[in-house]
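# Observations on chain architecture
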Amino acid sequence: MRHPKPQEWDSAQYSQGYYGDYKPFNFVDGEGVRCSLYVSGCLFACKGCYNKAVQNFKYGKPYTKELEDQIIADLAHDYVQGMTLLGGEPFLNTEVCLSLVTRIRQTYGHTKDIWAWSGYTFEELLLETEDKLQLLEQVDILVDGRFEIDKKDLNLQFRGSSNQRILDVPKSLAAKKAVLWNKCMDADRTYEQIKKSDLI
């Protein structure tokens, strides 16, 4: 696992403008029905990464206006709550992500929420380059921090290890400190425990 110094990793230097996958109308990448864009490229190299292929900045296909048009059209459905940015590392693909979120805000305002997963912590992002701060300011919910395999916990909501947090970004920016999302509900029983209890 790598730990960058502030502003050490420049998105413009690393990003190739690729994405690994686009999944419309899913239920797993945040609250409600969502459209999810998995951008390509990540430098954190977390041990046990669940999406290791997407660490490559040239994995997948080039991001295009046609894809962006499709995402904007998919978000138009009333039952879609919002957009999710994952990867890879969204904050190392700011050209792609800023293009998309700017268009979402222009088209839908704040009627669609924007979630992002990042290996950066909120505190690290506050010390980052202007493009990363611009992206952060457009995000509603941030799941932050590197995946730490020794802290892996399958009972956690929307995250893989206990060091990671689900943050309310507008409240965090206003307070200048991390503010947890108030709807977080971690499971108190594993799937195996639930199955056993149902049989009793």
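Residues numbered from 1 in each chain as written. Predicted model: local features only at pLDDT ≥ 70, side-chain atom pairs only at ≥ 80, totals over all residues. Heavy atoms only, no water.

Stated formally: UniProt positions are given in the numbering used here, feature names are shortened, and annotations may be inferred rather than shown by experiment.
The name that an unreviewed UniProt entry assigns to the protein is Anaerobic ribonucleoside-triphosphate reductase-activating protein, with the source organism given as Vagococcus lutrae LBD1. UniProt annotates the protein under Sequence similarities (unreviewed entry) with the comment "Belongs to the organic radical-activating enzymes family."

## Regarding the packing of helix α3 (residues 94-108) against helix α5 (residues 130-138)
Relative orientation and spacing of two packed helices are given, respectively, by the angle between their axes and the distance between those axes. Counted only if it meets this: Working convention: axes come from line fits to C-alpha atoms, limited for helices to the stretch in contact. Angles between N-to-C directions cover 0 to 180 degrees. Here a helix means four or more residues in a row that DSSP labels H or I, a strand means two or more in a row labelled E, and each is numbered from the N terminus. Each crossing gets its hand from how the near helix is turned against the far one by less than a right angle, where anticlockwise is left-handed and clockwise is right-handed. In this description, contact between two residues means that some pair of their heavy atoms is separated by no more than 4.5 Å. Under the convention adopted here, Pro, Cys and the residues Ala, Val, Leu, Ile, Met, Phe, Trp and Tyr are nonpolar, Asp, Glu, Lys and Arg are charged, and Gly plus all remaining residues are polar.
The N-to-C vectors of α3 and α5 enclose an angle of 35°; their axes lie 10 Å apart at closest approach. Judged by the twist between their axes, the crossing of α3 over α5 is left-handed. Of the residues in α5, those touching α3 at T94, C97, L98, V101 and R105 are D131, K132, Q134, L135 and Q138. Tallied by class, the residues present in the contact of α3 with α5 amount to four nonpolar, three polar and three charged.

## Describing the layout of surface pockets
Cut-off, in case you're wondering: Put plainly, a pocket is an open set of points on a 1 Å grid over the protein atoms alone with protein on both sides within 12 Å along at least five of seven lines, a cavity is a set where a 1.4 Å probe fits but cannot get out, and a lining residue has an atom within 4 Å of a point. Grid points are joined across faces, edges and corners, and a volume is the space filled by probe spheres set on the points.
Counted as a void, the largest pocket has a volume near 620 Å³. Lining the largest pocket we find 31 residues, and of these C49, Y50, W117, F147 and Q164 sit closest to its centre. Sorting the residues of the lining of the largest pocket by element identifies β5 (113-118) and β6 (141-144) as the ones contributing at least two each. Its residues assigned to classes, the lining of the largest pocket shows 15 nonpolar, ten polar and six charged.

## Let's talk about the pairing of β6
The condition that has to hold: Partly exposed residues are those whose accessible area sits between 20% and 50% of the maximum for their type, while under 20% is buried and over 50% is exposed, using a 1.4 Å probe and protein chains only. Should DSSP find at least two bridges between two strands, the strands are regarded as paired.
With burial as the criterion, each face of β6 is covered, one bearing I141 and V143 and the other bearing L142 and D144. The pairing of β5 with β6 spans four bridges and is classified as parallel. Looking at the pairing, W115 lines up with I141 of β6. When β6 meets strand β7 (residues 165-168), the two strands line up antiparallel, connected through four bridges. Within the sheet, the bridge partner assigned to I141 lies in β7 and is D168.

## Some points on the confidence of the model for the protein
So the rule is basically this: As a per-residue quantity, pLDDT reports the predictor's confidence and falls between 0 and 100.
For the protein, mean pLDDT is 93; residues scoring 70 or higher make up 93% of the total. This model gives residues 190-200 a pLDDT under 50, and the stretch forms four contacts once residues within four places in sequence are excluded.

## Structural notes on the packing of helix α2 (residues 65-75) against α3
Our working rule: Should an angle lie under 35 degrees it is considered roughly parallel, over 145 roughly antiparallel, and from 65 to 115 roughly perpendicular; all remaining angles are considered oblique.
Direction vectors running N to C along α2 and α3 enclose 40°, while the axes themselves pass 11 Å from each other. On the basis of their axis angle, the class for α2 and α3 is oblique. In terms of crossing hand, the pair formed by α2 and α3 is right-handed. Between α2, through E68, D69, I71, I72 and L75, and α3, the contact on the second element is made entirely by S99, L100, R103, I104, T107 and Y108. Split by residue class, the contact of α2 with α3 holds six nonpolar, two polar and three charged.

## Notes on the packing of aromatic side chains
This is how it is decided: Centre distance within 6.5 Å is the pairing criterion for rings of Phe, Tyr and Trp, where only the six-membered ring of Trp is used; planes under 30 degrees apart are then read as stacked, over 60 as edge-to-face, and the remainder as tilted. The rule is short: NZ of Lys or CZ of Arg within 6 Å of the ring centre and within 35 degrees of the ring normal puts a charge over the ring.
Under the counting rule described, the total for this entry stands at nine aromatic pairs. Where W9 meets F44, the ring centres are 5.0 Å apart and the plane angle is 70°; that geometry is what we call edge-to-face. With W9 in the segment before α1 (11-14) and F44 in the loop between β2 (33-39) and β3 (61-62), the pair connects residues that are 35 residues apart, well separated along the chain. Each member of the pair, W9 together with F44, is buried. Taking the centre distance of 5.3 Å and the plane angle of 80° together, the rings of W115 and F158 count as edge-to-face. Residue W115 is located in strand β5, and its partner F158 is located in the loop between β6 and β7; the two are separated by 43 residues in the primary sequence. Among the aromatic residues, those joined into a ring-pair cluster are W115, W117, F158 and W181. When the ring centre of Y108 is taken as reference, the NZ or CZ atom of K112 above it lies at 5.9 Å.

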